[in-house]
Amino acid sequence: EDRPREQWGTRAGFLLAAIGSAVGLGNIWRFPKEAYDNGGGAFMVPYLIALLSAGIPLLIFEYAVGHRHRASAPRSMRRLGRPAAFIGWWQVGICFFIATYYAVILAWSVRYIGFSTSKAWGDDPAAFFQNDFLHTADAPALLGAFVPGVLVPLIGVWIATLLVLALGVKRGIEKANKIFIPLLVVLFSILVVRALFLPGAGDGLNALFTPDWSAITDGSVWQAAYGQIFFSLSVGFGIMVTYSSYLKRKADLTGSALVAGFANSAFEILAGIGVFATLGFMALQAQVPVGEVVQGGTGLAFIAFPQVISELSGGSALFGVLFFGSLLIAGITSLMSIVEVIVSAIEDRTGLGRVPAVLAVGGLTAMVSIAFYPTENGLYILDTVDHFINSYGIVLAALVAILVAAVVLRKLPVLQRHVDAISSVRVGTLWQVLLGVVAPIMLVWMSVDSLIKEFSENYGGYSTSFLLAAGWGVAGLALFFGIGMSLVPDRNADGFTPGDP
Ligand code: PHE
Ligand code: NA
């Protein structure tokens, strides 16, 4: 028999934690550029369709699996059916690798909060980021000299994260999200309002939202929309299975999925407005069209924003603190959710208590993160692991999970009845069609296309041997870990009969 399971204190607490997990770096630095590159205002059409036709159905799937089987991702998947066991452990492996690098970006953000007050980057933020701050090596390798300026804040990020997890689901994760998410909304809203008053802001918004309707007939735009939704909702690697396993027996699953899904998208659009208002200002300063200053990812956060902060006359430090503070808060609530997948899997499997489980596996994750990333190779490894884990971890794991559940185990009808018995909005057979047909078609199409690209040229121009280790090796390791762990018997998993609610 299972030990009594921890539970969320309130529905709002669960919702805030689910939103905190979804809202992350992807909302702030990925969405704005994706939208701009893929039709601007017209991107909203495929984006909304992706949200409704695949994002929310997948979210409901994960909620249902976790809630019905009341266990961590591996045990829940195993209880869904023996052939699904490896998927849960695969997801744990994926979360392990994501956590190792996600924390590093948060450590950078911590440093940049400080840098904003002194404008430490001088007049060349790009050179400062790569050389003065990260001491990036000329060519990528796996091991390299430590960079203390990243090492120290990274240790801090890990201590804070593990401390919250050690406090438990209700007193740790829920409480942290109850503080952080409202704080994030306030800080980020101030930033957006400030950005809207910058000269050139209007041009930025025009650049983002002017619809290019021809994009609608472009297949790659639809792929981008589904890709953004899958990434942004963080579906497919067990986070929501884990979080919903801590819900009470009676819980409004579809209502929660709708709220979390739309809240995440609302935050994305808010970020798009803030980011493009700022880029409009940057373009005006440089006397170039907005299109020339558009970027996403680390370039946006650690090069473009510093540039803007330097160009602001008054209150520039505040602008920097608000921006990097928002990145940090948005990111740390996501990091907690990623590590919780690993911790809860180990708790279930070994019977360890929460604190020892956090120390053991959280500590191991932290150690790997600290050993490989705060070095002169950190930037290369991070970029590569991120690309491969996203393309061949998350997307593939989501696809396999759906196919095994729908085709091999034929469990969608059972899950649908489970969801409909307790939820405010009934999903009906429409959900089975969206999940079993629409989502897999998009996921297969995306995977095949990115595999073709992968073999036509080396990602990032990196050497094949580096990609074999930091890219394919990492993605493969997560999968092999999953298969290996699923072969170990788990008697606790087998002795469970899910009760209908
Ligand atoms: N969904 C998050 C975002 O939009 C990213 C994330 C990745 C969250 C991995 C959790 C785990 O930024
Ligand atoms: Na998100």
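Residues numbered from 1 in each chain as written. Chains lettered and ligands numbered in written order. Predicted model: local features only at pLDDT ≥ 70, side-chain atom pairs only at ≥ 80, totals over all residues. Heavy atoms only, no water.

**Details of the site of ligand 1**
Not every one of the 15 residues close to ligand 1 is listed here, only the nearest: Gly24, Leu25, Gly26, Asn27 and Ser232. Within the side chain of Ser234, one N or O atom sits 3.2 Å away from a nitrogen atom of ligand 1. Taken together, the residues of the shell around ligand 1 sort by class into 8 nonpolar, 7 polar and no charged. (Near = heavy atom within 4 Å. Polar contact = N/O pair within 3.5 Å; in protein donor to acceptor, adjacent residues only side chain to side chain. Nonpolar A, V, L, I, M, F, W, Y, C, P; charged D, E, K, R; others polar.)

**Remarks on a nonpolar patch on the surface**
A cluster of nonpolar side chains, namely Val45, Ile49 and Trp213, defines an oily patch on the protein surface of about 280 Å² accessible area. Within the fold, Ile49 resides in helix α3 (residues 44-69). Ile49 gets classed as partly exposed once you look at its relative accessible area, which sits at 37%. (Patch = residues over 30% accessible without salt bridge, like charges linked within 9 Å, V, L, I, M, F, W, Y side chains within 5 Å. Areas by Shrake-Rupley, 256 points an atom, 1.4 Å probe, with all protein chains shown as cover. Salt bridge = Lys/Arg side-chain N within 4 Å of Asp/Glu carboxyl O. Helix = DSSP H or I, 4+ residues; strand = E, 2+ residues; numbered from the N terminus. Buried < 20%, exposed > 50% of the residue type's maximum accessible area, 1.4 Å probe, protein only.)

**Section: the packing of aromatic side chains**
What characterises a pair of aromatic rings is the spacing of the ring centres plus the angle enclosed by the ring planes. Taken as a whole and assessed by the stated rule, the structure comprises 37 aromatic pairs. Centroid distance Tyr112 to Phe128: 6.4 Å. Interplanar angle 75°. Geometry classified as edge-to-face. Linking Tyr112 in helix α5 (residues 85-118) with Phe128 in helix α6 (residues 125-133), this pair joins segments that are 16 residues apart in sequence. In this structure Phe128 comes out as buried when scored by relative accessible area, which is 11%. Ring geometry for Phe455 and Trp472: centres 5.6 Å apart, planes at 10°, overall stacked. In this pair, Phe455 is assigned in helix α18 (residues 428-456) and Trp472 in helix α19 (residues 464-486), connecting sequence segments 17 residues apart. Judged by relative accessible area, Phe455 falls into the exposed class, the value being 66%. You can call Trp472 partly exposed: its relative accessible area is 27%. The aromatic ring of Phe231 is capped on one face by Arg30, whose charged end is 4.9 Å from the ring centroid. (Phe/Tyr/Trp six-rings, centres within 6.5 Å; stacked < 30°, edge-to-face > 60°. Lys NZ or Arg CZ within 6 Å of the ring centre and 35° of its normal.)

**Structural notes on the nonpolar core**
General note: in soluble globular proteins, nonpolar side chains tend to be found buried as a group. If you look at the biggest cluster of nonpolar residues, it comprises 174 residues, and the most contacted ones within it are Trp108, Trp158 and Phe302. Looking at this core, the element that brings in the most residues is α5, giving 20 residues. When neighbours within four sequence positions are excluded, Trp158 is seen to be in contact with Ala99, Ala103, Leu335, Val339, Thr365, Ala366, Ser369 and Ile370. (Core = buried A, V, L, I, M, F, W, Y, C linked by side-chain atoms within 4.5 Å. Contact = heavy atoms within 4.5 Å.)

**Describing the coordination of the sodium ion (ligand 2)**
The sodium ion (ligand 2) binds to the protein through Ala22 (O), Asn27 (OD1), Ser232 (O), Ser232 (OG) and Asn264 (OD1); the donor distances cover 2.2 to 2.6 Å. Bound by 6 donor atoms, the sodium ion (ligand 2) shows angles of 79 to 177° at the metal and therefore octahedral coordination geometry. In primary-sequence terms, the residues that donate to the sodium ion (ligand 2) follow A-x4-N-x204-S-x31-N. With Ala22 in helix α1 (residues 11-22) and Asn264 in helix α12 (residues 253-286), the pair connects residues that are 242 residues apart, well separated along the chain. Overall, the relative accessible area of 9% leaves Ala22 in the buried class. (Donors = N, O, S within 2.8 Å, 3.2 Å for Na, K, Ca; no water. Tetrahedral: all angles 85-135°; square planar, octahedral: opposite > 155°, others 65-115°.)

**Digging into the pattern of salt bridges**
Summed over all chains, the structure comprises 7 salt bridges. One salt bridge connects Arg354 with Glu6, and the closest N-O pair in it is separated by 2.7 Å. Pair noted here: Arg354 is in helix α15 (residues 354-372) and Glu6 is in the segment before α1, with a separation of 348 residues, a long-range link. Taking the relative accessible area as the measure of exposure, Arg354 reaches 10% and is therefore buried. You can call Glu6 partly exposed: its relative accessible area is 28%. For Glu174, the salt bridge is made with Lys178, and the minimal N-O distance between the two is 3.4 Å.

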